[in-house]
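Residue-level structural notes
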Amino acid sequence: MTNDTQRQTEIARRRTFAIISHPDAGKTTLTEKLLLYGGAIQLAGSVRARRNQPDTTSDWMELEKERGISISSTLLQFDYGGCVINLLDTPGHKDFSEDTYRVLTAVDSAIMVIDAAKGIEERTRKLFEICRLRGIPIFTFINKMDRPALEPLSLVDELEKVLGINAFPVTWPLGNGESFRGVYDRMEQRLHLFDRAAHGRHRIASRVTGAQDESLRELLTPRQHAAWVEELEMLDAAGATFEREAVLSGRITPVFFGSGITNFGVQLLLDAFVKHGAPPQPRLSGGRPVDPHSPTFSGFVFKVQANMNPRHRDRLTFVRICSGTFVKDMVVNDPDSGKPVRLSYPQKLFGQGRESVEVAYPGDIVGLVTHKAFRIGATLTSDPAIRYDEIPRFSPEAFATIRNVGTAKQKQFREGLNQLLDEGVIQAFTTADTGMASALLGAVGQLQFDVTMYRLQTEYGAEPRIEPAPFALVRWFDPGTRREQFEEAYLGIGVKLAHDLQGQLVILFPTTWALTYFIEKHPGVKLHPVSPSARGAAVG
């Protein structure tokens, strides 16, 4: 097999995706069950790990384990069904939207998890819109069917009306709550009946039968059985057909029912995703698509993370490979200086675990341990003409002042804060009265300040203290605008000028009313929700 043929074969095998959901819909649990059925782990943990039980594989940070939530995205790679699966687990909480949105730039498909008892929730709708804007195909898993749930037909109808996408039920539930017995595969016309396993920690055995099996009448009441058969007939009468191209183009979302916690329906979802999910897709450079099958190597940085493993205490740069072949120790152009830089110590990751990578292909995510601090959004390529513009920009909605208590740990405080700024966890601004010992921080949500405090304390040994700052909004001026232009101007009560880390002039407002007042008094001044000099689309 030639190198070119091998690359084409490897690209076709890649499936890179993220799981999106509203908090508590069961995203992290489903992640572990996909790993369980993919053979990547032998025993599933719990979202909130109990004493003497394994921790959730994808949640590596101690704070995540304490709170039972995902705070940072994690890469989990495994082989299944002849494909290489790159699963990017993302935070579900809205306060960590930045990390989630960046991850969505690196995937080719998404699995959307919906709570069967609650239907489509706010966070689900927002993430769906982000996927639609990026043209990301979506598979839908309606979870928690082992609990009292809304009617399946109502859930499918809600998908179509609220999200505006055609829904094709690939599987259909048999009962719900205590009467949930399994799922019917409409494509294969086979009913999968499950036995409840030990809290879903192991793969479970299933019995395959047909929809007309007389023994089903023993599992359901006559009324339940009649209603179920009628629902299947209604779906068939609708005449909708499953077309992979319609899925890949985003016109249809395949719908699967099940229960992540008890493993019902998980393997059917995984099998269908491997078969019908999108292979690596082109990425835009200067408005033109770069074919993943091109022999020219290229990729972009979508995440930077330090101290994933306390034993290493290093910084890991996550790169999505977009075209060509990545080879250990290859040389590319530094995106900032243009000078050659060697990509040494590449890592393949599985949560906290890592192993050396010799070769990687489009669709793969490689973690680089380098002396060079590549910035988020940077393009790494052997062709200087390729420059990806994938990473969205964000406007902070929460502000706080942080400082270190005393002077003994000031060095650790500065080192840790600079690292968190490089990772994009938070943003920082400098006002006229900001001293060297403190910093004004901005974040999308308050919980990001909790993460900042926790990591400064545990990873760097600093003694930070954080206090709320009296601001609610920040806006950027046009590039080149100088503070001196506003020396004689009245800005408004509580309004302050500041600079971001790139030296761009910004203005901080305590309320939306103050912003409106400033605009009325300065009609010739243009304000922007993100830095106009920053590449990437804004997300508000």
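As a starting point, this report considers the structure included with it. Here the structure is a predicted model, which means the values were calculated and not measured. (Residues numbered from 1 in each chain as written. Predicted model: local features only at pLDDT ≥ 70, side-chain atom pairs only at ≥ 80, totals over all residues. Heavy atoms only, no water.)

Read across the sheet, 8 strands follow the order β28-β25-β27-β26-β30-β31-β29-β32 without closing on themselves; strand pairing throughout is antiparallel. Either end of the sheet is taken by a strand with one partner, and the two such strands are β28 (464-468) and β32 (527-528). Here 3 bridges tie strand β26 (residues 427-431) to strand β30 (residues 496-500), and the two strands are oriented antiparallel to one another. Residue pairing for β30: Thr-430 is matched across the bridge by His-499. Lying on the sheet, helix α11 (residues 410-423) is in contact with β25 (398-404), β26, β27 (438-443) and β28; it crosses β25 at an angle near 150°. (Pairing = 2+ DSSP bridges. Helix = DSSP H or I, 4+ residues; strand = E, 2+ residues; numbered from the N terminus. Contact = heavy atoms within 4.5 Å. Axes fitted to C-alpha atoms, helices over the stretch in contact; angles between N-to-C directions.)

Before going further, it helps to spend a moment on the side chain of Asp-108. Topologically, Asp-108 is positioned in the loop between α4 (97-104) and β4 (109-115). Its relative accessible area of 3% is what places Asp-108 among the buried residues. A polar contact is formed between the side chain of Asp-108 and the side chain of Arg-283, at a distance of 3.4 Å. Not counting chain neighbours up to four residues away, the residues in contact with Asp-108 comprise Thr-16, Ile-136, Pro-137, Ala-278, Pro-279, Pro-280, Gln-281, Arg-283 and Arg-320. (Buried < 20%, exposed > 50% of the residue type's maximum accessible area, 1.4 Å probe, protein only. Polar contact = N/O pair within 3.5 Å; in protein donor to acceptor, adjacent residues only side chain to side chain.)

One can find Leu-505 in strand β31 (residues 505-509). It is 7.0 Å that separates the C-alpha atoms of Leu-505 and Arg-483, two residues lying 22 residues apart in sequence.

All right, on to helix α10 (residues 266-276) then. Summarising burial for α10: 8 of the 11 residues are buried, a large majority. Along α10, the positions that sit buried rather than exposed are Val-266, Leu-268, Leu-269, Leu-270, Ala-272, Phe-273, Val-274 and His-276.

A separate point is the side chain of Asp-500. Position of Asp-500 among the secondary structure elements: in strand β30. Classification of Asp-500 by relative accessible area gives buried; the value is 9%. Here Gln-504 takes part through its backbone nitrogen, which lies 2.8 Å from a polar atom of the side chain of Asp-500. Those residues within four positions of Asp-500 in sequence are excluded, and the remaining contacts are Ala-428, Phe-429, Trp-476, Val-506 and Ser-531.

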